[in-house]
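Here's the letter readout for the chains.
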Amino acid sequence: MSRARTLLLLAALSLPGLPRAAPPHPIGIAVDAAWEKYRNLDEGKNASYIPALARVDPKLFGIAVVTVDGKTFQKGDVTALFSIQSVSKVVALASVLETSGARTVLDKVGVDATGQVFNSIVAIEQHQGREMNPFVNPGALATTSLVAGKTAEEKWARVLAIHEAFTGRKLGIDEEVYRSEAASNERNHAIAKLMHAYGRLYFDPVATTDVYTRQCSIAVTAADLAVLAATLANGGRNPITGKQVVSPDNVQRILAVMATAGLYDDSGIWLYEVGLPAKSGVGGGIIAVAPGRFGIAVFSPPLDAAGNSVRAQRSIRDITATLRANPYEARSAKP
Ligand code: GLU
């Protein structure tokens, strides 16, 4: 372009009334920076106890943020589908809270951290199936068994429908992951049977385990999970569809369980360092919720020893710090 034309263009750009490029948004800047910083990080390993998860491309990495007023910020592989795994435990909990109430979850499942690994049989024995929470497998199976519906198909339809309400789109399951987990699911079957033996599972154990396995196999993207997280940040109203998915009172309870038990055995460290209620899944997804502000979701398959995505944890930690979104940050009144 000639110098004269460039000058003319610059003059035109500064004329009042002409549209100008919006300045970059702080959330967009934070998302881009975290993605750039961690894209080449090579730590952790895909989950392998579910064989299909070991085959997912470990390089996939996407970050998505949705604000409570529906603004979206994304970077990387945010449209790659992956299995939701334990992030679905948040959604199943929401379903049971809505249909059966807070008391039912408290009495029939429990809401305390067990201090044991997520699929611990020792934890069941310790309290004879009591004192679980909806995010460890015994409590998650009990929660799924409480989903409204007389048959497994009715329960499954309800589980899928509430995932769709949270993400704002039609969803399906990742058949390969479902088949892979169903074929290697002895431990979850054992957990369901033991819970049933203690009277702490409220539907047929084999059928419950199947609905639970399907629930964990729902295929989502980081973009979907950011909408889900933003719905929780927004008092239960999906900021994209405008639909009230879960009541504000129940959101408060869900976030409490996410804060205490969302990141497996590292939930305490997470709260200590990041402060946001979050939930992780062995598929490599993590959601985190900044109440009243935004929801964030990151997908990256390699996990650390506790089972949490390495890149997802680091990205969310950085973004939370940059945006000063830790709800425990000291904010004293001005003298
Ligand atoms: N479907 C997995 C299981 O039950 C979910 C594990 C997870 O994401 O924590 O083992």
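As the structure is a computational prediction, the values presented were derived from the model and not from experiment.

Student: When you look at the pairing of strand 2 (residues 72-76) in this model, what are you seeing that I'm missing?
Tutor: Consecutive residues of a regular strand have side chains that alternate between opposite faces of the sheet. Sheet topology note: the strand 1 (residues 62-67)/strand 2 ladder contains 5 bridges and is antiparallel. Within strand 2, the position partnered with Ala64 by the bridge is Gln74.

Student: Sorry, what's going on with the site of the ligand here?
Tutor: Surveying the vicinity of the ligand reveals 13 residues, the closest of which are Tyr49, Ser86, Glu181, Tyr212 and Tyr264. Here Ser86 contributes a side-chain N or O atom positioned 2.4 Å from an oxygen atom of the ligand. Separating an oxygen atom of the ligand from a side-chain N or O atom of Asn137 is a distance of 3.0 Å. Looking at the shell around the ligand, its residues break down into 7 nonpolar, 5 polar and 1 charged.

Student: How do you make sense of the sheet that holds strand 6 (residues 278-280) when you look at a structure like this?
Tutor: In sheet architecture, strand pairing relies on hydrogen bonds along the backbone and comes in two forms, parallel and antiparallel. Within the open sheet, the 5 strands sit side by side as 2-1-8-7-6. Their pairing is antiparallel. Sheet topology places strand 2 and strand 6 at the edges, where each strand pairs with a single neighbour. Adjacent strand axes in the sheet meet at a mean angle of 10°, parallel and antiparallel pairs treated alike. Against the sheet, helix 2 (residues 26-38) makes contact with strand 1, strand 2 and strand 8 (294-299), and its axis sits at roughly 15° relative to strand 2, the strand it touches most. Sitting on the sheet, helix 15 (residues 310-322) is in contact with strand 1, strand 7 (285-290) and strand 8, with an inclination near 150° to strand 8.

Each value, and the rule that gives it
Residues numbered from 1 in each chain as written. Predicted model: local features only at pLDDT ≥ 70, side-chain atom pairs only at ≥ 80, totals over all residues. Heavy atoms only, no water. Pairing = 2+ DSSP bridges. Helix = DSSP H or I, 4+ residues; strand = E, 2+ residues; numbered from the N terminus. Near = heavy atom within 4 Å. Polar contact = N/O pair within 3.5 Å; in protein donor to acceptor, adjacent residues only side chain to side chain. Nonpolar A, V, L, I, M, F, W, Y, C, P; charged D, E, K, R; others polar. Axes fitted to C-alpha atoms, helices over the stretch in contact; angles between N-to-C directions. Contact = heavy atoms within 4.5 Å.

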